[in-house]
Amino acid sequence: MSEIVLKSLAHTYSANPQSAEDYAIRHMEHVWHQGGAYALLGPSGCGKSTLLNIISGLLAPTEGDVMFDGHRVNELPPEERNIAQVFQFPVIYDTMTVYDNLAFPLRNMNTPEYRVKPKVLEVADILDLTPLLSRKAKNLTADEKQKVSMGRGLVRDDVTAILFDEPLTVIDPQLKWKLRRKLKEIHERFNITMIYVTHDQLEASTFADKIAVMYEGQVVQFGTPRELFETPAHTFVGYFIGSPGMNFFALNYAQGTAYFGEQPLPLSDRYLRTLGRIESNNVKLGIRPEFIEVCTSAESDTLAVQKENLQDLGTYAILTFSLNQQTFKARLPEDHPPLGETVYIRFPDDKLSLYVDEYRVEVDHE
Amino acid sequence: MSLHLQNIAHTVGGIPYISDVDLALEPGSFNVLLGRTLAGKTTLMRLMAGLEPPTKGRILMDGKDVTGVSVRNRNVSMVYQQFINYPSLTVYDNIASPLKLAKHAPREIDKRVGEIAEMLHIEHLLDRYPQELSGGQQQRTAMGRALVKDADVILFDEPLVNLDYKLREELRDELRDLFKVRNCIAVYATTEPNEALALGGNTAILHEGKLLQYGPTDQIYREPNGIQSAEMFSEPPINIIPGRLTENDITFDNETHFACDNALRRLPPGDYRFGVRASHLSLTPRAPDDLELSVTVDVAEISGSETFLHVRHPHFPLVLHLSGIHELKVDEPIKIYFPTHKLFVFDEQGSTVHTPVLQTEGVAHV
């Protein structure tokens with residue numbers, strides 16, 4: 001059992017930190033509940049590797065505490081934390097058989113053979129490694145090797161959390177499907193806290209029930225894949241999640257009308273009411289490419305825009321258009337009607353998000 | 001400049017890496033080499049570059065036989081997966097190096113390096129050293145070096161594979177625009193079907209050292225010449241279901257029969273394999289002739305803005321590619337809708353005998 005709590009955590013690599021920019025982790029409170037399937041998602045340089053190393057014990061945090069089940073473990077070395085790690089590249093003994101690789105962590109703890117065998121067979125069965133047990137590890141394919149790496153974490157009963165560091169990097173795209181499924185199965189079968197670190201939204205959302213999105217040393221949103229998609233809490237989440245990311249545009253409010261540059265926007269009263277109360281100058285609207293409605297002729301509340309590009313991506317198309325000299329992207333279904341040079345777009349009221357100083361704010365209800 | 005690989009075969013230590021590839025690339029064309037790892041993409045590029053001569057066949061550039069001509073005497077550039085730059089040279093000198101080698105005038109070098117750096121958005125980094133750059137900036141520098149000389153052929157060997165996906169999105173768009181204005185042959189290797197679609201141009205599908213199909217990317221995607229091309233060029237993979245075609249209906253399981261499309265009536269009755277794209281299946285009916293199927297959820301894989309839903313029918317598994325986030329529970333019984341007019345049909349040898357005609361509908365609302 002393991003609940004991992006990060007209390008007032010901060011970390012800097014600088015000996016003499018001056019400002020927030022000097023911190024790789026900026027003051028963070030976070031709870032990973034026992035048995036959860038989590039992802040830590042963010043671009044390179046966001047601090048996720050630092051955080052992973054703090055959890056695993058490879059790095060001691062500058063400030064704050066790491067608590068496992070209520071016990072402070074800041075000073076405990078990795079081997080005493082009952083955490084298994086699966087890395088980008090499979091870590092296995094090439095000259096040993098698959099069986100001996102899986103048995104290794106148990107034998108290392110002087111587990112008697114009669115207890116090693118059932119555990120190895122159980123884990124091999126789950127990972128579909130049974131037919132390979134007598135094979136030398138060096139003859140395995142990349143995905144098989146990575147499954148052996150995972151298996152080595154799963155055989156130990158004392159392991160309470162598994163940290164995955166981009167474990168599918170070396171796997172062929174066509175095989176990633178199967179391993180992703182396997183990971184979900186494993187999570188459902190074992191009551192283990194799993195934290196999956198990645199820069200890839202697909203890896204993260206597929207694996208995790210809840211995702212912590214990291215940006216500049218902070219978790220800017222901790223939510224379900226649906227929440228990250230539908231209600232990004234921070235403009236970075238809107239940009240980073242989804243392909244292409246969310247469209248953002250700056251908003252001005254004057255005398256009861258909202259403007260995007262010179263362009264008045266047809267917004268409903270509840271938006272205007274909310275805007276009237278905001279004091280910041282940094283106000284933006286965000287809309288996902290999926291939610292922009294594209295029409296071939298003018299309709300109510302549509303804006304006429306110029307088509308810049310239409311990119312056929314097979315299963316769907318991406319329309320690029322410009323409005324007030326800014327580029328927007330809209331996603332169209334594969335069977336969309338032919339578009340002329342001028343298209344008419346609509347931003348449906350319930351699909352817009354309002355951002356003040358980069359964070360999302362709720363708009364008044366009707 | 002045109003590049004023609006004439007009946008190329010390449011064997012290393014008795015193992016065939018490339019067999020019987022005949023490929024003619026037109027001047028100014030952008031070409032994607034799509035294939036899984038070990039499909040022969042890198043080998044084929046090395047042969048194009050002249051890094052080694054093929055075991056069999058001829059390579060013609062502009063009709064001239066260059067089969068035995070080494071890389072030094074061919075005007076080619078190459079960008080690799082790894083970010084390869086001279087560590088002791090600044091970004092400026094890295095990009096300038098091919099021009100200095102060719103003894104261009106300093107003023108000319110200055111102008112070209114400036115232009116390329118601006119195009120790649122690294123003009124502010126010219127005085128830095130590679131180790132002071134992020135991965136994306138390092139790869140932009142390597143690309144700058146490849147692009148700065150007027151190479152006849154530029155080869156990209158999975159150049160974006162080691163970058164964050166947001167950066168990949170950006171660089172991919174930039175690359176496409178970059179090549180619109182250049183008149184060299186570009187060859188770009190990737191394992192990812194979606195990258196091929198995003199890049200456009202032409203696509204050559206390589207599988208086990210053989211060229212399966214070559215042509216305009218959208219055409220190859222919509223009209224695969226066989227089951228293997230269809231499978232290689234789809235992620236999630238196209239669903240393949242064995243079934244039987246009679247005079248006027250189709251059955252997959254001898255229980256459910258559905259009327260076949262007029263276009264399929266011209267095929268002789270018999271056993272076929274039917275293909276349906278994951279994106280053509282849906283959770284709500286989209287056409288009057290859609291077939292309703294009762295299935296059980298295997299797993300819902302969620303990307304940032306899309307869902308890949310794996311389901312089980314008593315007789316076959318299916319994958320659906322849905323826009324938006326759909327959280328469905330494992331083993332939940334659901335109904336899905338199967339488009340009977342969007343079937344690909346393959347004969348027993350795996351050759352395509354029918355591809356669906358894409359009909360555009362009146363509404364573009366997503």
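None of these values were measured; they are calculated from a predicted model.

Engineer: So what exactly am I meant to see when it comes to a nonpolar patch on the surface here?
Structural biologist: Where nonpolar side chains cluster on the molecular surface, the patch consists of Val12, Ile15 and Tyr17 of chain B and spans about 260 Å² of accessible area. Along the chain, the position of tyrosine 17 of chain B falls in strand S2 (residues 15-25).

Engineer: Can you walk me through the packing of aromatic side chains in this structure?
Structural biologist: The geometry of two aromatic rings is summed up by the distance between their centres and the angle between their planes. Residue and element names in this part refer to chain A. Summed over all chains, the structure comprises 29 aromatic pairs over all chains. An angle of 50° between the planes, with centres 4.8 Å apart, marks the rings of tyrosine 93 and phenylalanine 104 as tilted. With tyrosine 93 in the loop between strand S6 (83-86) and helix H2 (98-108) and phenylalanine 104 in helix H2, this pair connects stretches of sequence that are 11 residues apart. Under the relative-accessibility criterion, tyrosine 93 is labelled partly exposed at 36%.

Engineer: Would you mind going over the pattern of salt bridges with me for this structure?
Structural biologist: Oppositely charged side chains can form a pair if their charged atoms are brought close together. Per the counting criterion, the structure on display carries 39 salt bridges over all chains. Among the salt bridges present, the one from arginine 180 of chain A reaches glutamate 203 of chain A, with a minimum N-O distance of 2.9 Å. Placement of arginine 180 of chain A in helix H5 (residues 173-189) and of glutamate 203 of chain A in helix H6 (residues 201-207) is noted, with a sequence separation of 23 residues between them. For the residue pair arginine 180 of chain A and glutamate 203 of chain A, the accessibility class agrees, reading buried in each case. Residue glutamate 115 of chain B pairs with lysine 111 of chain B through a salt bridge whose shortest N-O separation is 3.7 Å. Placement of both glutamate 115 of chain B and lysine 111 of chain B in helix H3 (residues 106-119) is noted, with a separation of four residues, approximately one turn of the helix.

Engineer: Can you walk me through the sheet that holds strand S3 (residues 37-41) of chain A in this structure?
Structural biologist: Strand pairs in the sheet, formed through backbone hydrogen bonds, run parallel or antiparallel to each other. Residue and element names in this part refer to chain A. The strand order across the open sheet formed by six strands is S6-S7-S8-S3-S9-S10, and the pairing between neighbours is mixed. Lying at the two open borders of the sheet, with one neighbouring strand each, are S6 and strand S10 (218-223). Sheet twist, expressed as the mean angle between neighbouring strand axes with direction ignored, is 20°. Of the strands in this sheet, S6 and strand S7 (161-165) are in contact with helix H4 (residues 142-154), which crosses S6 at around 175°.

Engineer: Mind showing me how you'd approach the pairing of S3 of chain A here?
Structural biologist: Side-chain positions along a regular strand alternate between the two faces of the sheet. Residues and elements named next belong to chain A. Of all five residues that make up S3, five are buried, and the element is covered over most of its length. Side-chain alternation along S3 places Ala37, Ala39 and Leu41 on one buried face and Tyr38 and Leu40 on a second face that is also buried. Direction of pairing for S3 relative to strand S8 (residues 193-198): parallel, over a ladder of five bridges. By the bridge assignment for S8, tyrosine 38 is matched with isoleucine 195. Examined bridge by bridge, S3 and strand S9 (residues 210-215) share four bridges and lie parallel to one another. Of the residues in S9, the one forming a bridge with leucine 41 is valine 213.

Conventions used here
Residues numbered from 1 in each chain as written. Chains lettered and ligands numbered in written order. Predicted model: local features only at pLDDT ≥ 70, side-chain atom pairs only at ≥ 80, totals over all residues. Heavy atoms only, no water. Patch = residues over 30% accessible without salt bridge, like charges linked within 9 Å, V, L, I, M, F, W, Y side chains within 5 Å. Areas by Shrake-Rupley, 256 points an atom, 1.4 Å probe, with all protein chains shown as cover. Salt bridge = Lys/Arg side-chain N within 4 Å of Asp/Glu carboxyl O. Helix = DSSP H or I, 4+ residues; strand = E, 2+ residues; numbered from the N terminus. Phe/Tyr/Trp six-rings, centres within 6.5 Å; stacked < 30°, edge-to-face > 60°. Buried < 20%, exposed > 50% of the residue type's maximum accessible area, 1.4 Å probe, protein only. Pairing = 2+ DSSP bridges. Axes fitted to C-alpha atoms, helices over the stretch in contact; angles between N-to-C directions. Contact = heavy atoms within 4.5 Å.

Function cannot be read off these values alone, since they describe shape.
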